[in-house]
Amino acid sequence: MHRRTRLSLRSSSINDKENDSEQTHLQTTPRKRRSKVPVAREEEEPQEECVHSPKKAARKIGRPRLSKVLDGEELENESTVAPDAIGKLPEREKEYDELVAYVENVLSSDGSGSLYISGPPGTGKTATLQRILNHPPFVKKLKPVYINCTSIKSVGSIYKKISEELDLKVSGTTEKMYQAAIEAHLQRKHKTIMLVLDEIDQLSSSKQTILYSIFEWPARPTARLVLIGIANALDLTDRLLARLQARCELKPHLIQFLPYTKQQIVAILKACLEETDSLARFPEAALGLLAAKVASTSGDIRRALFIARRLVESAKKEDRTTKSDTVVSMGQVMAVLKQVYGASQTLSNDLEEGFPLQQKLLICSLMLLLKHGKNKDITVGKLHDVYKTICTKRNIQAVDQTEFISLCTLVETRGIVRLQGKKEPRMHRVCLQWDEEEVSSSLNDKQLIASIINDVSCLGK
């Protein structure tokens, strides 16, 4: 049928003329011209890597409200489900203000700069950058170029992609020609460029030639470039780009997005549920349980939003039979958590199995210092000293300081503690994020906790 139709169209000159006139009409009618980029295209390509203007940047990266997440949007990538309630990014204001201050400083000096943003998936990195691109004072001062590096075919094609976004005329098609065109553009007078390279670790190569060349651009006198790289790894610049540390003008400014804590996840979920008039369905205890589980595993806010959406959908189904607003129970939360994190494990088993003895001793040592110690500013070094004393009294082999620092990092990824400080690791401050009841129920070893917390002799003088 399709073939006959195609043949008839080819043989009919009348239809050809009608088609030509129809196309002419489409090109000359303003209303039709606005519909050249249909909504369906954006839905098919949600991660379009490049933008030409701040308005397009907002459309390409996406600014959905939290209510859309609970109404059934897919959780495909961080930008799709980024918490962006009521014009703000909950619990990421500190990082946002730091980014704004950095960009404002670069613009006021009419210079350049480079940033590296790190953090686990689902911690608001891309969403915060999207908000920066839409910051009103920056709209007229910056030319934004956003590229998701996972979408490029090869490492070297990044130069071509950047050239296309800057509308540069390139004489050839080789990698070096595209690179030369970009560097020539940076030498000419131009509007300050904000180049955002999401998933920048995809540009890694054997000698890191491309990464080095890109991070060297802001050091050019006339570059007027704000380079922002985003990736999950905290030590990417130190591990892959060690030469940048030797020159101050090349060393990027680092901003770390830590996993969301239980308190932060609860705050975001409340804002989300309130926006969809679903907050009354969730008791405080149910929200706390959901947030504690997500914070202890990954701190990924997308996972928390996904679980909340499933619970809301389940409650709405029950509404049809009960003819009233169903309240989410603790049992329902536990059931969904089992499905999400593995049907073979219960929540209590998951938490119990996830805490080896050494991690339990570390957490108990911290609780002892917080309860009976004179100084509440606890460093990793001080915590290690108390931990060693506790191990010695119980004939348990203690780990050395290097392994203890790694142990602290592991506990931090669960959302139980937070390490703060930019000096040597031994001087980092250790802050407990959970309250005593939550820790006790999670460790599931009341006898051990009680014996350590009440053993004041381990604190020494």
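In the annotation of an unreviewed UniProt entry, the protein chain is listed under the name Cell division control protein and assigned to Anopheles maculatus. Taken directly from UniProt, the Function (unreviewed entry) text for the protein chain runs: "Involved in the initiation of DNA replication. Also participates in checkpoint controls that ensure DNA replication is completed before mitosis is initiated." Quoted verbatim from the Subcellular location (unreviewed entry) field of the UniProt record, the comment on the protein chain reads "Nucleus".

A.B. asks: What's the story with the overall build of the protein chain in this structure? I'm lost.
C.D. replies: Helix and strand counts for the protein chain come out as 23 helices and seven strands. Within the protein chain, the fraction of its 461 residues that count as buried is 48%. Total accessible area on the protein chain is roughly 24,200 Å²; 51% of this is exposed by carbon and sulfur atoms.

A.B. asks: Quick question: what am I supposed to make of the packing of helix H14 (residues 262-275) against helix H16 (residues 301-322) here?
C.D. replies: Angle between the axes and distance between the axes are the two parameters that describe a pair of packed helices. Their axes nearest at 11 Å, the elements H14 and H16 cross at an angle of 45°. When the interaxial angle is binned, H14 and H16 end up oblique. Here the hand of the crossing between H14 and H16 comes out right-handed. Facing H14, whose interface residues are Ile 265, Ile 268, Leu 269, Cys 272 and Leu 273, H16 presents Ile 301, Ala 304, Leu 305, Ala 308 and Val 312. Its residues placed into classes, the contact of H14 with H16 shows ten nonpolar, no polar and no charged.

A.B. asks: Even after reading the chapter, I still don't get the pattern of salt bridges, so can you show me in this structure?
C.D. replies: Where charged atoms from two side chains of opposite charge approach closely, those side chains can pair. Per the counting criterion, the structure on display carries twelve salt bridges. Here Lys 270 and Glu 284 are joined by a salt bridge, their closest N and O atoms 2.9 Å apart. With Lys 270 in helix H14 and Glu 284 in helix H15 (residues 284-297), the pair connects residues that are 14 residues apart, well separated along the chain. In this structure, Arg 281 engages Asp 319 in a salt bridge whose closest nitrogen and oxygen atoms are separated by 2.5 Å. Placement of Arg 281 in the loop between H14 and H15 and of Asp 319 in helix H16 is noted, with a sequence separation of 38 residues between them. Through salt bridges with shared partners, a single network forms among Lys 393, Arg 394 and Asp 455.

Rules used throughout
- Residues numbered from 1 in each chain as written.
- Predicted model: local features only at pLDDT ≥ 70, side-chain atom pairs only at ≥ 80, totals over all residues.
- Heavy atoms only, no water.
- UniProt positions renumbered as here; feature names shortened; annotations may be inferred.
- Helix = DSSP H or I, 4+ residues; strand = E, 2+ residues; numbered from the N terminus.
- Buried < 20%, exposed > 50% of the residue type's maximum accessible area, 1.4 Å probe, protein only.
- Areas by Shrake-Rupley, 256 points an atom, 1.4 Å probe, with all protein chains shown as cover.
- Axes fitted to C-alpha atoms, helices over the stretch in contact; angles between N-to-C directions.
- Parallel < 35°, antiparallel > 145°, perpendicular 65-115°, else oblique.
- Left-handed = near helix turned anticlockwise from the far one by under 90°.
- Contact = heavy atoms within 4.5 Å.
- Nonpolar A, V, L, I, M, F, W, Y, C, P; charged D, E, K, R; others polar.
- Salt bridge = Lys/Arg side-chain N within 4 Å of Asp/Glu carboxyl O.

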